[in-house]
Amino acid sequence: MGKLLIVGTLAFDAIESPFGKTDKILGGAATFIGLAASKFQVDSAIVSVVGDDFPQEYLDLLTNRNIDISGVEIVQGGKTFFWSGKYHNDMNTRDTLVTELNTLADFNPIVPEDYKNADIVMLGNLHPSIQMGVINQLSTRPKLIVLDTMNFWMDNALDELIEVIKHIDVITINDEEARQLTGEYSLVTAAEKISAMGPKYVVIKKGEHGALLFDEKNIFFAPALPLKEVFDPTGAGDTFAGGFSGYLASTENISFENMKNAIIHGSNLASFCVEKFGTERMQSLKKEEVEERLHQFKALTQFDIEIK
Ligand code: AMP
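Residues numbered from 1 in each chain as written. Predicted model: local features only at pLDDT ≥ 70, side-chain atom pairs only at ≥ 80, totals over all residues. Heavy atoms only, no water.

Asks: What should I look at first to understand the nonpolar core in this one?
Replies: Among soluble globular proteins, nonpolar side chains are generally buried collectively. Counting 57 residues, the largest nonpolar core has F244 and I263 as the members making the most contacts within it. If one sorts the elements of this core by residue count, helix α9 (residues 256–273) sits on top with 9 residues. Contacts of F244, omitting those with residues within four sequence positions, involve V146, V170, V203, M259, A262, I263 and G266. Counting residues in hydrophobic clusters, the runner-up holds 47 residues, among them I15, L104, V111 and A191. (Core = buried A, V, L, I, M, F, W, Y, C linked by side-chain atoms within 4.5 Å. Buried < 20%, exposed > 50% of the residue type's maximum accessible area, 1.4 Å probe, protein only. Helix = DSSP H or I, 4+ residues; strand = E, 2+ residues; numbered from the N terminus. Contact = heavy atoms within 4.5 Å.)

Shown next as structure tokens:
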């Protein structure tokens, strides 16, 4: 069983989609990553920050899934990171309405002693300087450092983002962001350009259109499972990253072949995340449901063609 260190936001989210609207509910990149990774046999820990307005029950939800939260700082008198977004009718695109960094603005991450030698480090979406601050505290080079980010940091901290990208092995990024980062329309060219910035592996997430995995020589594609109901895509990217890194940490095998399986596990878990608002579906998700859908994934993508 491998050790997985997760960094990212613990947040309040307010979401509007064509299906309704929520008040402040539990969100954050680290929350979704942690919930997804907990579906695998891993020891995991979250490094993050919240204010004293963050309910104890949200922290309990993580510890009940065996996630070590000793690296979560609670700032007395501080306010938790808040994000609000509105989805368009296609549910694949959204506008950010509000990003309040609050306690995240001057957060100095502290990696728990036990996790300085983590096998896999999952740098979830937050300020690239914080992501770098975590890398700098590691005592041994992890087998794999995975980084997820978003357009907000490209707009607000591009130099720091480019710096941290030099130190990682895998980047997970969505199609629009890959284009923004490189100025390239072709995702193949964008992946090549991103790889030249540092990471050996580039994962491009395309929402309901699946995900692509690139290394120097190979490309692998996994579709997203076609779903009848998509309620709220928030957290799908983080859930994907949590499934991807959680599976790799549990198998302790970082070959390209095994990364293909990791992509499928990530996509599979993300397909549940979008079925309800916020973390609701991930909280109720059962092992049997995950397995059943993996079979559907296999059936969806398997074919036997004769090529002469
Ligand atoms: P995703 O839908 O996977 O891109 O992730 C959505 C989650 O990311 C939400 O729960 C937000 O709280 C969180 N989030 C939104 N903007 C940011 C940001 N700039 N930095 C870190 N986390 C963010």
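Asks: Hey, could you run me through the site of the ligand in this one?
Replies: In the vicinity of the ligand there are 20 residues, among which D13, G28, R94, G235 and D238 approach most closely. A distance of 2.4 Å separates an oxygen atom of the ligand from a polar side-chain atom of D13. The side chain of R94 places a nitrogen or oxygen atom 2.9 Å from an oxygen atom of the ligand. Alone, the ligand offers 500 Å² of accessible surface; in the complex the protein occludes 94% of this. When residues of the shell around the ligand are traced back to their parent elements, those giving at least two are β2 (11–17), α4 (151–156) and α8 (236–251). Here the shell around the ligand takes 3 residues from α8, the largest share from any one element. Across the shell around the ligand, the residue classes tally to 10 nonpolar, 7 polar and 3 charged. (Near = heavy atom within 4 Å. Polar contact = N/O pair within 3.5 Å; in protein donor to acceptor, adjacent residues only side chain to side chain. Areas by Shrake-Rupley, 256 points an atom, 1.4 Å probe, with all protein chains shown as cover. Nonpolar A, V, L, I, M, F, W, Y, C, P; charged D, E, K, R; others polar.)

Asks: I tried to follow the pairing of strand β9 (residues 120–123) on my own but got confused; where do I start?
Replies: Regular strands place side chains that alternate from one sheet face to the opposite one. Side-chain alternation along β9 places I120 and M122 on one buried face and V121 and L123 on a second face that is also buried. Relative to β9, strand β1 (residues 3–7) is paired through 4 bridges, and the arrangement is parallel. Looking across to β9, one finds that L5 is bridged to V121. Sheet topology note: the β9/strand β10 (residues 144–148) ladder contains 4 bridges and is parallel. Within β10, the position partnered with I120 by the bridge is L144. Between β9 and its parallel partner β10, the chain crosses via helix α3 (residues 128–137), and the hand of that crossover is right-handed. (Pairing = 2+ DSSP bridges. Right-handed = clockwise from strand over helix to strand, strands pointing away.)

Asks: Which parts of the structure should I look at to understand unusual backbone geometry?
Replies: Trans is the prevailing form of peptide bonds, just as negative phi is the prevailing case for residues other than glycine. Its identity is not glycine, yet N66 carries a phi of approximately 70°, on the positive side. In this fold, N66 is placed in the loop between α2 (56–63) and β6 (67–75). Even without a glycine there, the phi angle at E252 is positive, about 55°. Structurally, the position occupied by E252 is in the loop between α8 and α9.

Asks: I tried to follow the pattern of salt bridges on my own but got confused; where do I start?
Replies: Where side chains of opposite charge bring their charged atoms close, a pairing between them can arise. Applying the stated criterion to the full structure yields 13 salt bridges. Between E275 and R281 there is a salt bridge whose closest N-O contact spans 3.0 Å. Since its relative accessible area comes to 18%, E275 is described here as buried. R281 gets classed as buried once you look at its relative accessible area, which sits at 10%. (Salt bridge = Lys/Arg side-chain N within 4 Å of Asp/Glu carboxyl O.)

That is the geometry; function is a separate question.
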